[in-house]
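Residues per chain, in single letters:
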Amino acid sequence: MNIPRTSFPRVVIIGGGFAGVALAKKLSKQEVQVVLLDKNNYHTFQPLLYQVSTGGLEPDSIAYPIRKILKDFPNFYFRLANVDEIDTEKNKVVTDIGKLKFDYLVVASGSETNYFGNSEIEKHSMAMKTIPQSLNLRSLILENFEDALLTSDLNERNALMNFVIVGGGPTGVELAGALAEIKKGILPKDYPDLDTRLAQIHIVQSSDCILKGMSDKASKKAEDFLEKLGVNIWKNVRVTNYDGKTVTTNTDLTFETATVVWAAGVKGATIKGVDAEEFITRGNRILVNEFNQVKGFNHIFAVGDIACMINDEFPNGLPMMAQPAIQQGKQLGDNLLRLIEEKPMHSFKYKDKGAMATIGRNKAVVDLKRFKFQGIFAWYVWMFVHLFFLIGFRNRMVVFVNWVYNYVRFDREARLIIRPFKKRLKT
Ligand SMILES: Cc1cc2nc3c(=O)[nH]c(=O)nc-3n(C[C@H](O)[C@H](O)[C@H](O)COP(=O)(O)OP(=O)(O)OC[C@H]3O[C@@H](n4cnc5c(N)ncnc54)[C@H](O)[C@@H]3O)c2cc1C
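- As annotated in an unreviewed UniProt entry, the chain is NADH:ubiquinone reductase (non-electrogenic) from Flaviramulus multivorans.
- Listed in UniProt under the heading Catalytic activity (unreviewed entry), the comment for the chain reads: "a quinone + NADH + H(+) = a quinol + NAD(+)".

**A short note on the overall build of the chain**
Stage number 1. Along the backbone of the chain there are 12 helices and 25 strands.
Stage number 2. Taken against the 2.2 N^0.38 rule, which gives 22 Å for 427 residues, the C-alpha radius of gyration of the chain at 22 Å falls within 12% of a compact globule.
Stage number 3. A principal-axis box enclosing the C-alpha atoms of the chain has dimensions of 70 × 45 × 40 Å.
Stage number 4. Counting the 427 residues in the chain, one finds 53% classified as buried.
Stage number 5. Expressed as a percentage of contacts within the chain between residues at least 6 apart in sequence, the contacts between residues at least 24 apart total 65%.
Stage number 6. Total accessible area on the chain stands at roughly 20000 Å², and carbon and sulfur atoms take up 52% of it.
Stage number 7. Side-chain charges of the chain comprise 56 positive and 46 negative groups, with the mean position of each set lying 5 Å from the other.

**Focus on the site of the ligand**
Stage number 1. Taken together, the neighbourhood of the ligand is formed by 26 residues, with Ala 19, Asp 38, Val 83, Asp 305 and Ala 322 sitting nearest.
Stage number 2. Gln 46 is positioned such that a nitrogen or oxygen atom in its side chain is 2.9 Å from an oxygen atom of the ligand.
Stage number 3. A distance of 3.2 Å separates an oxygen atom of the ligand from a polar backbone atom of Met 320.
Stage number 4. Within the residue set of the shell around the ligand, elements represented by two or more residues are helix H1 (18–27) and helix H10 (322–340).

**Digging into the environment of Pro 47**
Stage number 1. When you line up the elements, Pro 47 lands in the loop between strand S3 (42–44) and helix H2 (49–53).
Stage number 2. A relative accessible area of 29% means that Pro 47 is categorised as partly exposed.
Stage number 3. Pro 47 sits 124 residues away from Thr 171 along the chain, and the two C-alpha atoms are 7.9 Å apart.

**Thoughts on the domain arrangement of the chain**
Reports often express the size of an interface as the amount of accessible area lost when the parts come together.
Stage number 1. You can read the domains of the chain as domain 1 (10–39 + 81–113 + 266–340) and domain 2 (119–264).
Stage number 2. Its C-alpha centre places domain 1 at a distance of 34 Å from the equivalent point of domain 2.

**A short note on the pairing of strand S11 (residues 162–166)**
Stage number 1. By the criterion of burial, S11 is predominantly enclosed, with five of the five residues buried.
Stage number 2. Burial along S11 is two-sided: the face carrying Asn 162, Val 164 and Val 166 and the face carrying Phe 163 and Ile 165 are both buried.
Stage number 3. Relative to strand S12 (residues 200–204), S11 runs parallel, the two sharing five bridges. Pairing of Ile 165 across the sheet is with Ile 203, part of S12.

**A closer look at the side chain of Asp 38**
Stage number 1. Mapped onto the secondary structure, Asp 38 falls in strand S2 (residues 33–38).
Stage number 2. Among buried Asp, Glu, Lys and Arg side chains, Asp 38 stands out as unpaired, with Lys 39 the closest opposite charge at 6.8 Å.
Stage number 3. Here Gly 16 takes part through its backbone nitrogen, which lies 2.6 Å from a polar atom of the side chain of Asp 38.
Stage number 4. Ignoring anything within four residues of it in the chain, the contact list for Asp 38 reads Gly 15, Gly 16, Gly 17, Ile 66, Phe 78, Arg 79, Leu 80 and Ala 81.

**A closer look at the packing of aromatic side chains**
Stage number 1. A complete count under the given rule lists 13 aromatic pairs for this structure.
Stage number 2. When the ring centre of Tyr 407 is taken as origin, the NZ or CZ atom of Arg 361, which lies over that ring, is 3.9 Å away.

**Re helix H12 (residues 393–409)**
Stage number 1. Helix length check: H12 (17 residues) gives 24 Å between terminal C-alpha atoms against 24 Å at 1.5 Å per residue, within 8%.
Stage number 2. Inspection of H12 places Asn 395, Val 399, Trp 403 and Asn 406 among the buried residues, and these make up the whole buried set. For H12, the buried positions fall inside an angular range of 70 degrees around the axis, keeping them on one side. Summarising the geometry of H12, the exposed residues directed more than 90 degrees from the buried face are Phe 393, Val 408 and Arg 409.
Stage number 3. On its buried face, H12 is in contact with H2, strand S4 (63–65) and helix H11 (376–389).
Stage number 4. Just downstream of H12, Phe 410 is the residue with a positive phi angle, here 50 degrees.

**Details of the UniProt feature "transmembrane region" (unreviewed entry) in the chain**
Stage number 1. Mapped onto the present numbering, the UniProt feature "transmembrane region" (unreviewed entry) falls on residues 376–393.
Stage number 2. From the first C-alpha to the last, residues 376–393 spans 25 Å; its make-up is 83% helix and 0% strand.

**Things to note about the packing of H11 against H12**
Stage number 1. Two numbers describe how H11 lies on H12: the axes approach to 9 Å, and their chain directions differ by 155 degrees. Taken together, H11 and H12 sit at an angle that is classed as roughly antiparallel. Two packed elements cross with a definite hand, and for H11 against H12 that hand is right-handed. Facing H11, whose interface residues are Trp 379, Trp 382, Met 383, His 386, Leu 387 and Phe 388, H12 presents Arg 396, Val 399, Phe 400, Trp 403 and Tyr 407.

**Thoughts on a positive patch on the surface**
Stage number 1. A surface patch of like charges, here positive, comprises Lys 25, Lys 330, Lys 351, Lys 353 and Arg 396.
Stage number 2. On the accessibility criterion, Lys 330 (45% relative accessible area) is partly exposed.

**Side note on helix H7 (residues 170–185)**
What sets the pattern is the α-helix's 3.6 residues per turn: residues three or four places apart point alike.
Stage number 1. Taking 1.5 Å of rise per residue, 16 residues should cover 22 Å, and H7 covers 22 Å from first to last C-alpha, within 8% of that figure.
Stage number 2. When we look at burial in H7, the residues that qualify are Gly 172, Val 173, Glu 174, Leu 175, Ala 176, Gly 177, Ala 178, Leu 179, Ala 180 and Ile 182.

**A few points about the UniProt feature "domain: FAD/NAD(P)-binding" (unreviewed entry) in the chain**
Stage number 1. Under the present numbering, the feature "domain: FAD/NAD(P)-binding" (unreviewed entry) in UniProt falls on residues 10–329.
Stage number 2. Summarising residues 10–329: 29% helix, 27% strand, and an end-to-end C-alpha distance of 17 Å.

Here is what the cut-offs are and how they apply
Residues numbered from 1 in each chain as written. Predicted model: local features only at pLDDT ≥ 70, side-chain atom pairs only at ≥ 80, totals over all residues. Heavy atoms only, no water. UniProt positions renumbered as here; feature names shortened; annotations may be inferred. Helix = DSSP H or I, 4+ residues; strand = E, 2+ residues; numbered from the N terminus. Rg over C-alpha atoms; globule rule 2.2 N^0.38 Å. Buried < 20%, exposed > 50% of the residue type's maximum accessible area, 1.4 Å probe, protein only. Contact = heavy atoms within 4.5 Å. Areas by Shrake-Rupley, 256 points an atom, 1.4 Å probe, with all protein chains shown as cover. Lys, Arg positive; Asp, Glu negative; His and termini not counted. Charge placed at Lys NZ, Arg CZ, Asp CG, Glu CD. Near = heavy atom within 4 Å. Polar contact = N/O pair within 3.5 Å; in protein donor to acceptor, adjacent residues only side chain to side chain. Domains from an automatic or database assignment. Pairing = 2+ DSSP bridges. Salt bridge = Lys/Arg side-chain N within 4 Å of Asp/Glu carboxyl O. Phe/Tyr/Trp six-rings, centres within 6.5 Å; stacked < 30°, edge-to-face > 60°. Lys NZ or Arg CZ within 6 Å of the ring centre and 35° of its normal. Expected span 1.5 Å × (residues − 1). Arc of directions from axis to C-beta. Axes fitted to C-alpha atoms, helices over the stretch in contact; angles between N-to-C directions. Parallel < 35°, antiparallel > 145°, perpendicular 65-115°, else oblique. Left-handed = near helix turned anticlockwise from the far one by under 90°. Patch = residues over 30% accessible without salt bridge, like charges linked within 9 Å, V, L, I, M, F, W, Y side chains within 5 Å.

Shown next, in the form of structure tokens:
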């Protein structure tokens with residue numbers, strides 16, 4: 001990989017997401033060599049992916065070049081590489097561009113969509129975990145409306161305008177809200193010769209409420225907001241299959257649809273070498289101790305979504321959210337320096353800063369530790385927090401200007417089929 005050996009210990013980080021970047025920033029002015037490996041040359045701000053999928057934002061406003069984030073740090077190296085394996089005996093990572101030795105290794109590879117073993121659903125449904133996937137979804141939604149214009153078969157037309165979102169967590173809720181606003185504000189203008197009132201948006205949720213991790217008040221209010229926007233919410237219904245045409249469930253309910261978005265769960269993006277049963281726990285995540293160390297190793301760590309840190313408050317592990325990832329990344333930076341200096345490390349303590357979700361224009365729900373609120377003020381808070389955590393001044397400005405423009409004009413300018421994606425309906 002053409003990375004020189006120096007007198008400094010080498011810390012290899014796999015993944016430039018929230019956790020990997022927070023850790024690299026913490027280490028980069030210290031007496032360590034930091035090598036960050038990622039299969040993409042950019043960091044993705046996943047919380048706004050749904051806005052890319054629905055034409056509200058261009059993809060480059062929620063992505064940021066990893067090299068630029070860490071450009072001023074002398075001991076920092078980035079390599080565009082997919083890590084295939086970790087050789088824990090020889091302390092090497094094996095990648096598609098070569099092997100690299102490490103003194104300390106941090107796995108920050110995040111998570112991937114969990115289809116719970118259903119290959120048909122995996123094949124036919126759309127995921128929204130990466131920028132290319134969000135662009136695929138954007139194209140598919142728009143292509144479906146173009147096709148709906150062309151068909152004279154009423155059932156096919158309905159299926160093309162029928163959207164089924166599986167999973168009523170923040171991702172499903174935010175996407176449903178955005179689609180409902182498109183239906184109301186944009187489709188009638190773009191497709192005046194199509195009866196877009198027939199477009200339907202469904203959320204299918206296996207439990208008895210949406211936004212399960214949030215307060216009852218937030219959940220009920222979100223449901224209320226969505227129903228007012230015309231979204232159908234099906235609770236206590238589990239999707240069992242989707243063959244590209246029909247969604248079947250564990251009840252009598254079925255949906256004929258050309259678009260299923262699978263937002264029903266994620267699992268750890270494990271890497272060979274630390275994926276054996278002894279390392280892995282619930283959700284395919286790597287079990288770590290309170291210092292983020294992987295079982296049996298002093299010098300191999302995992303942080304963020306991939307790491308499952310269990311404590312009394314979180315018996316199933318810390319939530320797979322941005323805050324635990326950022327906080328673990330920062331804390332591990334301190335702990336690695338302490339470890340190198342042979343000082344005792346500090347246990348990680350998660351500071352829960354709350355959760356929020358937006359349902360659309362002027363509508364959001366926010367649960368903070370002390371305060372819970374919903375509506376327009378919550379929506380401002382949601383926007384402020386998302387702008388604050390976006391990386392890069394340009395991205396913040398672009399997103400802010402886009403939001404103001406979209407708000408004032410009731411518009412979503414990025415409704416472009418740049419890269420056509422079409423799953424043909426089975427006939
Ligand atoms: C649609 C969506 C909406 C979300 N909304 C919210 C929200 O509103 N609030 C919130 O707190 N959280 C939200 N999350 C969750 C949040 O984005 C994650 O918890 C967070 O990104 C985890 O950070 P991470 O650093 O662990 O992993 P990630 O940010 O996923 O980063 C992992 C990185 O590792 C790289 N990588 C993976 N495997 C390899 C490999 N083998 N070789 C090389 N590189 C590799 C990836 O390319 C990626 O850059 C959302 C997630 C999604 C998908």
